[in-house]
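# Geometric and topological summary
Residue strings, one per chain:
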Amino acid sequence: QVQLVESGGGLVQAGGSLRLSCAASGSMFKPNTMGWYRQAPGKQRELVAGITIGGSTNYADSVKGRFTISRDNAKNTVNLQMNSLNPEDTAVYYCHADIIWVSGSHEYDYWGQGTQVTVSS
């Protein structure tokens, strides 16, 4: 069983910062690509940032220069440091992972339960 557990959401004023964390628990696997998505009310879920097992990153244009994604492969964790937050960043943020079992097979699209980020103006 693979579980992704997020933490770190909350309420912050515009211009403030938050740090989201996600831990992948279970055994006999390692996370491959990990990332963060978000979904605002009435909008589709969108990719915020992703990071490969080798550390290559990609970001949505709207967060470039403000958000930083990082991971710790030894701990199976991924973090999202969010700075200069604005009300448009308000959404439920979801951790996402594709995994590799020790057998070598890949499995895709594991999701966390989501954590609310609210930015007040």
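Whatever comes next refers back to the structure up there.
Read on for an overview of the structure. (Residues numbered from 1 in each chain as written. Predicted model: local features only at pLDDT ≥ 70, side-chain atom pairs only at ≥ 80, totals over all residues. Heavy atoms only, no water.)

### Structural notes on the overall build of the protein
- Counting secondary structure elements, the protein contains 0 helices and 11 strands.
- Secondary structure elements of the protein occur, N-terminal to C-terminal, as β-β-β-β-β-β-β-β-β-β-β.
- Along the first, second and third principal axes, the C-alpha atoms of the protein reach 50 × 25 × 25 Å.
- Burial status across the protein gives 41% buried among its 121 residues.
- Long-range contacts, defined as pairs at least 24 residues apart, comprise 56% of the intrachain contacts of the protein with a sequence gap of at least 6.
- Within the structure as shown, the protein displays about 6300 Å² of accessible surface, and the carbon and sulfur contribution to it stands at 48%.
- Counting 9 positive and 9 negative side-chain charges, the protein places the centres of these two groups 5 Å from one another. (Helix = DSSP H or I, 4+ residues; strand = E, 2+ residues; numbered from the N terminus. Buried < 20%, exposed > 50% of the residue type's maximum accessible area, 1.4 Å probe, protein only. Contact = heavy atoms within 4.5 Å. Areas by Shrake-Rupley, 256 points an atom, 1.4 Å probe, with all protein chains shown as cover. Lys, Arg positive; Asp, Glu negative; His and termini not counted. Charge placed at Lys NZ, Arg CZ, Asp CG, Glu CD.)

### Some points on the pattern of salt bridges
- Taken as a whole, this structure holds 4 salt bridges when the rule is applied.
- Between glutamate 46 and arginine 38 there is a salt bridge; the shortest N-O distance is 2.7 Å.
- According to the relative accessible area criterion, glutamate 46 is partly exposed, its value standing at 35%.
- For arginine 38, the salt bridge identified is with aspartate 89, shortest N-O distance 2.9 Å. Of this pair, arginine 38 sits in strand E4 (residues 29-39) while aspartate 89 sits in the loop between strand E8 (77-82) and strand E9 (91-101), placing them 51 residues apart in sequence. Of the two residues, arginine 38 and aspartate 89, neither departs from the other in class, the shared state being buried. (Salt bridge = Lys/Arg side-chain N within 4 Å of Asp/Glu carboxyl O.)

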